[in-house]
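If you want the building blocks of each chain, they are given just below.
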Amino acid sequence: MKKLRIFLILCVGLPLTYAQQVSYFDSKISGENITYFSPFHEFANQALLTRCNGHSPIVFAAQNGAENSELVHYKFLVGFSNGTSGGDRLFDVSLNDSILFTFKTKKKWTSDSSLHFTSAFSPKAYYQFTLLEKDVNNDVFGYLEVVMPRTHSNDSHFQIQGRDAQSRDWLMVFQFKPHFESQVQAENLVYRASQKRPLSVKAFIPDGVDSLLIRSVFIQQKLAVKPGYFQQSFAVYPADFVGTDDIVIKTSGNMPHSETVQRVQVQELKPFTFCIIHHSHNDIGYSHLQTEVARIQCTNIRSALRWIASTEATGQKAVWHVESLWAVENFLSDASPAEEKAFVSAVRSGKMVLSVNYANCLTGLMQAEEIQWLCAYAHLLEKKYGFQLTNAMVTDIPGQAYEALNGYAQQQIPYLSLGPNYVENLPDHGDRVGGVIRECGDQPFYWHPLTDSSKRVLVWTAAKGYSYFHNIAEGQQQAVFEERISAYVSQLSANKYPYEWVQLRYTKHADNGPVDTNLCAFVAHWNALYSWPRLEISNLDTLFQRFEQRYGQQLPQRTGEISPYWEDGAYSTAREEIQARRLVQNVIEFEARLTENQKIQLQDQLDLIHRNLVLFHEHTWGSWCSISAPDIAFTTQQWQIKKSFLDSAQVQFSRIINQAQDTGTCTNFVVSFFSIRWDDTYSGIRSLKWDGIELLQQDTPGLGACIYSLGISPQVNEVLLPMQNELKKATQTIVHPNLKITLQFQPTAHPNEFILRFQIDKKAIRDKEALHICLPFQLDHPSLSYGEKTMLHYPADQLAGSNKEFICVSDHLILEDKRFKITIFTPDCNLIELGAPINEQQQRGAKVWSRENQSLSPLYLYVFNNYWHTNYKADQAGMIELQLRIRIESVN
């Protein structure tokens, strides 16, 4: 773009008010939309976002202003990363395709409590920035103003683009036009002193308004106001009042007066107690390198111990929960004897609460034995210190596979607290959570195994997840809690929540956040200010025990699984996930062959292998910028550490195998009773006959057909084409510009079985992509069951909130009708898509999951994808090998 030539008579340094009229944002032309925090909150929360990657410009139109003015004064509400920024950043600002200036943000501004500067970008034209507020991350928000002579063009199209710094650092322009706006809300709180309920008034006050008159049957209040965001609450409604009220708000000042009338609904108020479960969500990676996370969580335990000690003399109730015992193991390995003693004392007193889980894992990827490994360190702590750990906390992850629920029941762990990912403004109120929030939240139940109703686990999903109070700016905690607790009470009342106590997960700031050492004082202040609802700092075990004693008799009894959603992310590194699954199975089979004496001798080495495999199935997929900045050290090092868990387990197992001189088994192959015919037009087997009977649908892609998906908006699914069919070798070669696949049909020692082997050689593709393998068996109204030791039936054994689009098959699945029973063993890729490949089309920037039961014909094996906004790696170049074993049996 050419440099704009500007001839001005304006002298730099004249006040900006010299311009006759301010021009604001008018409309979006192009760029990424985002909903985000701003100093004006709900009145300005939609923005356009550019990043420092050199290829994400934002373009928008501005108002033209008064035509009789020789100067034009633009004023935009902007924000940019500062506290979260990696360094100084550059953003090019253009008007009508000509560069005006480069806006430079500086890392040192993090420490500035006030920020205001002016800079000339032409002999007499200039811009200035004025800080309004910083958020909890020290990111900066304020006004960017530009003063320049009016051009002859009637268009004012601005473009802002971050220069390429291989960074996710950002600048946003809010789609905001200042004018008077107001919101009123009758809050679901009761002041203790007056026994009245508050009316909350929020408004954006533009220049020229200096007072508000607020009146109704219950209130008449005149207030002096200043431009900007206004928020205030008034004790208005009697505690027992239920009904409607009309609120009149009238403005006064140096501009035309306005008067609005808004109706508020005052709901019946129930006396809930919100039981705060305070913890830090343990992401082993993502926001920090794994080594840094270990340090942070050790610091948290030490901080919690100091907090607990400081409140003992005052009688305040400080309780801290450690959701992952990985953090405890790291702490104890580094703790002094005095710290270890304080830790043990805090746990025994119930002020430090431990979950039995070593980490937050993707249980849909795990075998039953892995669930035992997941809890093994808890049993070591119990034995060493005399603890009794009675809860499992699962955080962030939506859904729990049957084997996990059954594992807790078999180990007699009575309480399971689920705190899924929660994002209020997403369609499902969470990131890829499907129906978990809506259908499971605040609906506690007893879970028992399908085959044994004598064992049970109390399962309670926190409806606001674990992150409801993230990113609260300094000084805003009271206001945010008032707003969100009131809104939560309204939701509970509308849903006819029948219990007194509400489980409220609380993590401060963000994932791997700190201990809120002011929480006791905050809760005490809240309960002194409000009689209802009450806040209580709770011990998870005590809460569940108390809840069970009062309500246990009326809780529903359920079985099955909450079919999980996040396991597809692990197949962003399909080759390593396949390696992990094979290694897990090898370890399980190896241990089954050991004598008791051998197990004792090898136990320490086996424990280390178990823990490394558990950590590989921990839910944190990669750095937060693994897509936008896949090649920076922060991203690549996270994957290297993640992969090292698997690599270490592999090396350790090889060493232990050599020590035990284990030889394994050998299989001889025989002639099969199957006949096949390759599809000459598309990939896969077109005809599969067993005993002369056709087993495949003829109006779908063939058995083993490879469907490659590219993109998500739109998503294009393509059945790949064969390059060559070799009948003698029973192989098919499949080609695409992005990958080459060899498919081999191979009989086994069992006359009714065969194996499909796939070798996939793919390029490094960073566009959104996925691969699916078709399983189109021709059955009449088939049933589908899946599992390992216990078989589940789709959809009968899916609990509310379950994933309806794919299921996680730990060992095998069975398709069956009146004639045939088809068993498909899936040792490598265990995600089975139902009816069609996953549709990743987005709504409001998010995948929205179907809540309808899906067809069982055909099925698809989900091989790999990179659909998530964070993946282990950005691409999967190289060879991926996998196999399916299929057995056909006659029912009669």
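Everything in this summary refers to the structure shown in the same document. (Residues numbered from 1 in each chain as written. Predicted model: local features only at pLDDT ≥ 70, side-chain atom pairs only at ≥ 80, totals over all residues. Heavy atoms only, no water.)

Re the overall build of the protein chain
- The helix and strand tally for the protein chain stands at 12 helices and 52 strands.
- Counting only C-alpha atoms, the protein chain reaches 95 × 70 × 55 Å along its principal axes.
- Taken over 892 residues, the protein chain has a buried fraction of 58%.
- The long-range fraction of contacts in the protein chain, counting pairs at least 24 apart against all pairs at least 6 apart in sequence, stands at 74%.
- For the protein chain, the exposed area adds up to about 36200 Å²; of that, 48% sits on carbon and sulfur atoms.
- Taking the 80 positively charged and 92 negatively charged side chains of the protein chain as two groups, their mean positions are separated by 3 Å. (Helix = DSSP H or I, 4+ residues; strand = E, 2+ residues; numbered from the N terminus. Buried < 20%, exposed > 50% of the residue type's maximum accessible area, 1.4 Å probe, protein only. Contact = heavy atoms within 4.5 Å. Areas by Shrake-Rupley, 256 points an atom, 1.4 Å probe, with all protein chains shown as cover. Lys, Arg positive; Asp, Glu negative; His and termini not counted. Charge placed at Lys NZ, Arg CZ, Asp CG, Glu CD.)

Considering the sheet that holds strand β35 (residues 693-694)
- The strand order across the open sheet formed by three strands is β33-β34-β35, and the pairing between neighbours is antiparallel. The open sheet has two edge strands, β33 (674-678) and β35, and neither has a second partner. (Pairing = 2+ DSSP bridges.)

Examining the packing of aromatic side chains
- Summed over the entire model, instances satisfying the criterion amount to 67 aromatic pairs.
- Ring geometry for Trp566 and Trp868: centres 5.3 Å apart, planes at 80°, overall edge-to-face. Here the residue Trp566 occupies a position in the loop between β32 (557-558) and α10 (574-592), and Trp868 occupies one in the loop between β51 (859-865) and β52 (878-890), the gap between them amounting to 302 residues. Judged on exposure class, the residue Trp566 and its partner Trp868 are both buried.
- Clustering of aromatic rings is evident, with ring pairs tying together Tyr191, Phe274, Tyr422, Tyr468, Phe469, Phe481, Tyr488, Tyr506, Phe522, Trp526 and Tyr530.
- Between the NZ or CZ atom of Arg456 and the centre of the ring of Tyr446, over which it lies, the distance is 3.8 Å.
- Cation over ring: Lys762 sits above Phe864, and NZ or CZ is 5.0 Å from the ring centre. (Phe/Tyr/Trp six-rings, centres within 6.5 Å; stacked < 30°, edge-to-face > 60°. Lys NZ or Arg CZ within 6 Å of the ring centre and 35° of its normal.)

Quick notes on the sheet that holds strand β18 (residues 220-224)
- Read across the open sheet, the four strands follow the order β18-β17-β20-β21; overall the sheet is antiparallel. Strand pairing shows two members of the sheet lacking a second neighbour, β18 and β21 (259-266), which therefore form its edges. The average angle at which neighbouring strand axes cross in this sheet is 20°, direction not considered.
- As judged from the eight bridges shared by strand β20 (residues 243-253) and β21, these two strands associate in the antiparallel manner. Bridge pairing in β21 places Asp246 opposite Arg263. (Axes fitted to C-alpha atoms, helices over the stretch in contact; angles between N-to-C directions.)

Section: the nonpolar core
- Ranked by internal contacts, the top residues of the largest apolar core, which has 201 residues, are Phe343, Met352 and Leu354.
- Apart from residues no more than four positions distant in its own chain, Met352 is found in contact with Ile301, Ala304, Leu305, Ile308, Trp320, Val322, Phe343, Ala346 and Val347.
- Judged by nonpolar contacts, the second largest core, of 33 residues, contains Phe25, Ala62, Phe101 and Phe158. (Core = buried A, V, L, I, M, F, W, Y, C linked by side-chain atoms within 4.5 Å.)

Looking at the environment of Gly253
- For Gly253, the location among the structural elements is in strand β20.
- With relative accessibility at 28%, the residue Gly253 sits in the partly exposed group.
- Sequence-distant contacts of Gly253, that is, excluding residues within four places in its chain, are made with Gly208, Val209 and Asp210.

Thoughts on the pattern of salt bridges
- This structure, assessed with the given rule, holds 34 salt bridges.
- Between Arg302 and Asp334 there is a salt bridge; the shortest N-O distance is 2.8 Å. With Arg302 in helix α1 (residues 290-312) and Asp334 in helix α2 (residues 325-334), this residue pair connects regions lying 32 residues apart in the sequence.
- Since its relative accessible area comes to 19%, Arg302 is described here as buried.
- With a shortest N-O distance of 2.8 Å, Arg582 and Asp828 are connected by a salt bridge. In this pair, Arg582 is assigned in helix α10 and Asp828 in the loop between β47 (820-825) and β48 (831-834), connecting sequence segments 246 residues apart.
- Three or more residues are tied together by salt bridges with common partners; here these are Glu42, Lys202 and Glu483. (Salt bridge = Lys/Arg side-chain N within 4 Å of Asp/Glu carboxyl O.)

Some thoughts on the side chain of Glu694
- When you line up the elements, Glu694 lands in strand β35.
- The buried charged residue Glu694 lacks any salt bridge, with Lys689 as its nearest oppositely charged partner at 5.0 Å.
- Within the local environment of Glu694, its side chain forms a polar contact with the backbone nitrogen of Leu696, the two atoms lying 3.1 Å apart.
- Among residues more than four places away in sequence, those in contact with Glu694 are Arg686, Ser687, Leu688, Lys689 and Gln778. (Polar contact = N/O pair within 3.5 Å; in protein donor to acceptor, adjacent residues only side chain to side chain.)

A look at the packing of α2 against helix α3 (residues 337-349)
- Between α2 and α3, the least distance of the axes is 8 Å, while the angle of their chain directions is 145°. Only Glu339, Glu340 and Phe343 of α3 make contact with α2, whose side of the interface consists of Val328, Phe331, Leu332 and Asp334.

A look at the environment of Gln876
- Residue placement: Gln876 occurs in the loop between β51 and β52.
- Distance in space between the C-alpha atoms of Gln876 and Asp761 is 9.7 Å, their sequence separation being 115 residues.
- Once residues within four sequence positions are removed from consideration, Gln876 is found in contact with Tyr571, Ser572, Thr573, Ala574, Arg575, Lys762, Lys763, Phe864 and Asn865.
- Within the local environment of Gln876, its side chain forms a polar contact with the backbone oxygen of Tyr571, the two atoms lying 3.1 Å apart.
- There is a polar contact of 2.7 Å between the side chain of Gln876 and the backbone nitrogen of Ala574.

Observations regarding the pairing of strand β7 (residues 89-95)
- Most of β7 is tucked away, with six of its seven residues classed as buried.
- Summarising the sheet, β7 and strand β8 (residues 98-105) pair through seven bridges and their orientation is antiparallel. For Asp92, the partnering residue across the bridge sits in β8 and is Thr102.
- Where β7 folds back on β8, the antiparallel hairpin that results is connected by two residues, among which Asn96 adopts a positive phi of roughly 50°.

Note that all results are geometric; they support no functional claim without further evidence.
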